[in-house]
Amino acid sequence: MPTRAEQIAANLAAVRQRIARACEAAGRDPAEVTLIVVTKTYPAEDVRVLAGLGVREVAENRDQDAAPKAEACADLPLSWHFVGQLQTNKARSVVRYADHVHSVDRLRLVTALSTAATAAGKRLGCLVQVALDAGSGERGERGGVAPDAVGPLADAIAAADGLRLDGVMTVAPLAGAYAGQPRAAFDRLTEISSRLRETHPAANMVSAGMSQDLDEAVAAGATHVRVGTAVLGVRPGLR
Ligand SMILES: *Cc1c(COP(=O)(O)O)cnc(C)c1O
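What you see is a predicted model, and the numbers here were worked out from it, not measured in a lab.

Asker: Sorry, what's going on with the environment of A208 here?
Answerer: Along the polypeptide, A208 turns up in the loop between β7 (205–207) and α8 (214–220). Between the C-alpha atom of A208 and that of T190, which follows or precedes it by 18 residues, the distance is 9.5 Å. Apart from residues no more than four positions distant in its own chain, A208 is found in contact with T170, F186, L189, A217, A222, H224, V225 and R226.

So this is what it looks like as structure tokens:
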């Protein structure tokens, strides 16, 4: 039986190779794609193993789990990304450990994060979460704003004290026109990103792709892939 550390090392190597292959197929430099390992539901010991294997970017989706884990790993050279739906009353906690929030999807959250980051004397990187299956004026079932709301929300982030507009994020929709079409979904996100960079040239992060569809995301131009299961294993329960 391989040890947990050996298992993680083997999975990580396989994921890195998948990214490298997808880059090669797309004619992209692998240095353009950052792997963020999603550590939700897994313990701090696994995060420690990841750090030992050279992982520098990790992500969580629930503040209750993330805050103690980040604290237990405070001695490690890690950057924490928050990728889940976020309530405004958790903003202050998240700002304490996170360098990036990928799931900014409403003005009230921008205000809460801005207040928290300013109070903490921090500059927080923010990505607008895009719900590609949401119609105009709607929100996505798993968070996110409709494509036509990205511009105004991005402007609000860019203008907010303590925040930095870093780019856009999406999760491939399970329903609607993009269901089962991750490549088309990620191409659409890339278009939205290009549009955004006309007015905010530094907002160049494109966060897309998970264990199932990271190859399509890399092909479409993602700069950051968020991978959990393929590195750490299938999570118990549905999350
Ligand atoms: C859990 C999660 C991931 C990782 O998903 P896997 O299928 O485990 O790779 C990526 N992004 C978000 C927003 C998540 O919640």
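Asker: Help me understand the site of the ligand in this model?
Answerer: The immediate surroundings of the ligand are formed by V38, K40, V83, M169, M210, S211, R226, V227, G228, T229 and R235. In this structure, T229 approaches the ligand through a side-chain N or O atom, which is 2.6 Å from an oxygen atom. Protein coverage of the free-state accessible area of the ligand, which is 390 Å², stands at 88%. Tallied by class, residues from the shell around the ligand come to five nonpolar, three polar and three charged.

Asker: What is the right way to read the pattern of salt bridges from this model?
Answerer: When the charged atoms of two side chains lie near each other, side chains of opposite charge can form a pair. Per the counting criterion, the structure on display carries eleven salt bridges. Its salt-bridge partner being E32, residue R28 comes within 3.0 Å of it at the nearest N-O pair. Residue E32 is classed as partly exposed on the basis of its relative accessible area of 41%. Measuring nitrogen to oxygen at the nearest pair gives 3.1 Å for the salt bridge that ties D187 to R183. With a gap of four residues between them, D187 and R183 both fall in helix α7 (residues 182–199), about one helical turn apart. Among the residues examined, D187 registers a relative accessible area of 30% and is labelled partly exposed. Within this structure, D105, R106 and R139 form a network of salt bridges that share partners.

Asker: What is the right way to read the UniProt feature "modified residue: N6-(pyridoxal phosphate)lysine" (unreviewed entry) in the protein chain from this model?
Answerer: Mapped onto this structure's residue numbering, the UniProt feature "modified residue: N6-(pyridoxal phosphate)lysine" (unreviewed entry) falls at K40. With respect to the helices and strands, the residue K40 is situated in the loop between β1 (34–38) and α2 (44–52). Residue classification places K40 among the buried positions, given a relative accessible area of 13%.

Asker: It is not clear to me how the UniProt feature "domain: Alanine racemase N-terminal" (unreviewed entry) in the protein chain should be interpreted in this structure. Could you clarify?
Answerer: The UniProt record annotates "domain: Alanine racemase N-terminal" (unreviewed entry) at residues 11–236. Split by type, residues 11–236 is 42% helix and 19% strand. Its first and last C-alpha atoms lie 18 Å apart.

Asker: Where do I start with the pairing of strand β2 (residues 57–60) in this structure?
Answerer: The pairing of β1 with β2 spans two bridges and is parallel. Looking at the pairing, V37 lines up with V58 of β2. As paired elements, β2 and strand β3 (residues 79–82) share four bridges and run parallel to each other. Directly across from E60, in β3, lies its bridge partner F82. Handedness of the crossover joining β2 and β3 through helix α3 (residues 63–72) is recorded here as right-handed.

Asker: What is the right way to look at the pairing of strand β8 (residues 224–227) in this model?
Answerer: Two faces belong to every sheet, and in a regular strand the side chains alternate between them. Burial along β8 is two-sided: H224 and R226 and V225 and V227, pointing in opposite directions, are all buried. Taken together, the four bridges between β1 and β8 define a ladder with parallel strand orientation. Bridge pairing links L35 to V225 in β8.

Parameters and conventions
- Residues numbered from 1 in each chain as written.
- Predicted model: local features only at pLDDT ≥ 70, side-chain atom pairs only at ≥ 80, totals over all residues.
- Heavy atoms only, no water.
- Helix = DSSP H or I, 4+ residues; strand = E, 2+ residues; numbered from the N terminus.
- Contact = heavy atoms within 4.5 Å.
- Near = heavy atom within 4 Å.
- Polar contact = N/O pair within 3.5 Å; in protein donor to acceptor, adjacent residues only side chain to side chain.
- Areas by Shrake-Rupley, 256 points an atom, 1.4 Å probe, with all protein chains shown as cover.
- Nonpolar A, V, L, I, M, F, W, Y, C, P; charged D, E, K, R; others polar.
- Salt bridge = Lys/Arg side-chain N within 4 Å of Asp/Glu carboxyl O.
- Buried < 20%, exposed > 50% of the residue type's maximum accessible area, 1.4 Å probe, protein only.
- UniProt positions renumbered as here; feature names shortened; annotations may be inferred.
- Pairing = 2+ DSSP bridges.
- Right-handed = clockwise from strand over helix to strand, strands pointing away.

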